[in-house]
Amino acid sequence: MTFLRNHWYDIGGVVGVCMALIIWHNWGSMSTLLKIAVLNFFVILWHEFEEFRFPGGEPAITNLAMQPSTDGPADRYPLNQNNAMVINVVAAYVCYLLPVFFPEIIWLSFMPIVFGLTQLVMHVILTPIKIHALYSPGELAVVFGHLPLGIWWFVYTISNGLLGWLDVLFGLLYIVAFIGIFMLKIGYGILQSTSSPYVFPKAEFERAGYAKRIRNQKK
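First things first, this report covers the structure right here in the doc. The structure presented is a predicted model; accordingly, all values stated were derived computationally and were not measured.

The rules behind the values
- Residues numbered from 1 in each chain as written.
- Predicted model: local features only at pLDDT ≥ 70, side-chain atom pairs only at ≥ 80, totals over all residues.
- Heavy atoms only, no water.
- Helix = DSSP H or I, 4+ residues; strand = E, 2+ residues; numbered from the N terminus.
- Rg over C-alpha atoms; globule rule 2.2 N^0.38 Å.
- Buried < 20%, exposed > 50% of the residue type's maximum accessible area, 1.4 Å probe, protein only.
- Contact = heavy atoms within 4.5 Å.
- Areas by Shrake-Rupley, 256 points an atom, 1.4 Å probe, with all protein chains shown as cover.
- Lys, Arg positive; Asp, Glu negative; His and termini not counted.
- Charge placed at Lys NZ, Arg CZ, Asp CG, Glu CD.
- Axes fitted to C-alpha atoms, helices over the stretch in contact; angles between N-to-C directions.
- Parallel < 35°, antiparallel > 145°, perpendicular 65-115°, else oblique.
- Left-handed = near helix turned anticlockwise from the far one by under 90°.
- Phe/Tyr/Trp six-rings, centres within 6.5 Å; stacked < 30°, edge-to-face > 60°.
- Salt bridge = Lys/Arg side-chain N within 4 Å of Asp/Glu carboxyl O.

Now for the overall build of the protein chain. Helices and strands together make up the secondary structure of the protein chain, namely 10 helices and zero strands. In the protein chain, the order of α-helices and β-strands from amino to carboxyl end is α-α-α-α-α-α-α-α-α-α. For 219 residues, the compact-globule estimate of 2.2 N^0.38 gives 17 Å, and the protein chain sits close to it at 18 Å. Each of the three principal axes of the protein chain carries a C-alpha extent, and together these read 55 × 35 × 35 Å. Looking at the 219 residues of the protein chain, the share that counts as buried comes to 47%. Contacts in the protein chain between residues at least 24 apart in sequence constitute 78% of all its contacts with a sequence separation of at least 6. Of the accessible surface of the protein chain, which amounts to about 10900 Å², a share of 72% is contributed by carbon and sulfur atoms. Across the protein chain, the mean location of the 13 positive side-chain charges is 10 Å away from that of the 12 negative side-chain charges.

Below is the structure:
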């Protein structure tokens, strides 16, 4: 498990490259909904790689700027290596991958599409303002991935009469359950601890210089 905690986003990067090759090879034979679903899965892997590996810096941005707390050490609270892995891996390989297998179940795709669009607020507006920068890790994936895919999905499903009120309702309930139950109750509840042994290694926490930047801003 230690290897996974250290490299889940690197594994995701490799899976992402494989997905890109599969998409390129099978593009002509895929339905529109499947194309969007596989691209959306690729984008969430890109998003997570951008946040945690290159350029990285998300642990420091979360613990020092976006959710700072004096209750525990910033290298493990509120985000630690374990809950970061669990939240992101489940998000990618469950929420974003299921629509690849069931693209015609509209509410199942609604959740990751809308969830991806909400990242626009976090990565393009709130985080850059908080860290006094034009760019935050994950922003490129949002602007060039989640946003255009979200627009494409909504235009296609609405124009073809595929998106019904029940799909919206079930999709919203799915989002509420994922955020409220899984992320908050489990990720930032059960798996969160001020004494967590799953500390972000210095190299990971200081990656891309965001930790130093944020500390200097607070002086």
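Still to come is the rest of the account.
Now for the packing of helix α3 (residues 58-66) against helix α10 (residues 210-218). Remark: α3 packs on α10, axes separated minimally by 9 Å, with the N-to-C direction vectors making an angle of 15°. When the axis of α3 is compared with that of α10, the two are roughly parallel. For the pair α3 and α10, the crossing hand works out as right-handed. Mapping the contact onto sequence places A60, I61, L64 and A65 in α3 and Y210, A211, I214, R215 and K218 in α10.

Time to look at the packing of aromatic side chains. Counted under the stated rule, the structure contains 13 aromatic pairs. Aromatic pair F115 and F178: ring centres 5.6 Å apart, planes at 85°, arrangement edge-to-face. Of the two residues, F115 sits in helix α6 (residues 106-131) while F178 sits in helix α8 (residues 165-190), which places them 63 residues apart along the sequence. Neither residue differs from the other here; F115 and F178 are each classed as buried.

The residue V114 is located in helix α6 in this model. Sequence spacing of V114 and I175 is 61 residues, and the spatial spacing of their C-alpha atoms is 8.5 Å. Apart from the residues lying within four places of it in its own chain, the contact partners of V114 are F154 and I175.

Here F54 and P55 are connected by a cis peptide whose omega angle stands at 5°. Position of P55 among the secondary structure elements: in the loop between α2 (32-52) and α3. Cis rather than trans, the peptide bond between Y77 and P78 has omega equal to 0°. With respect to the helices, strands and loops of the structure, P78 is situated in the loop between α3 and α4 (81-96). A positive phi angle is found at H132, which is not glycine, with a value near 60°. Within the secondary structure, H132 is located in the loop between α6 and α7 (139-159). The exposure class assigned to H132 is exposed, which follows from its relative accessible area of 55%. With a phi angle near 70°, A208 is a residue other than glycine that sits in the positive phi range. With respect to the helices, strands and loops of the structure, A208 is situated in the loop between α9 (202-205) and α10.

Turning our attention to the pattern of salt bridges. Close approach of charged atoms lets side chains of opposite charge pair. Overall, the coordinates contain three salt bridges when judged by the stated rule. Here D10 makes a salt bridge to R53, at a shortest N to O gap of 2.8 Å. Here D10 is found in helix α1 (residues 2-26), whereas its partner R53 is found in the loop between α2 and α3, with 43 residues between them in sequence. Classification of R53 by relative accessible area gives partly exposed; the value is 25%. For R215, the salt bridge is made with E206, and the minimal N-O distance between the two is 2.8 Å. Here R215 falls in the partly exposed class, since its relative accessible area comes to 37%.

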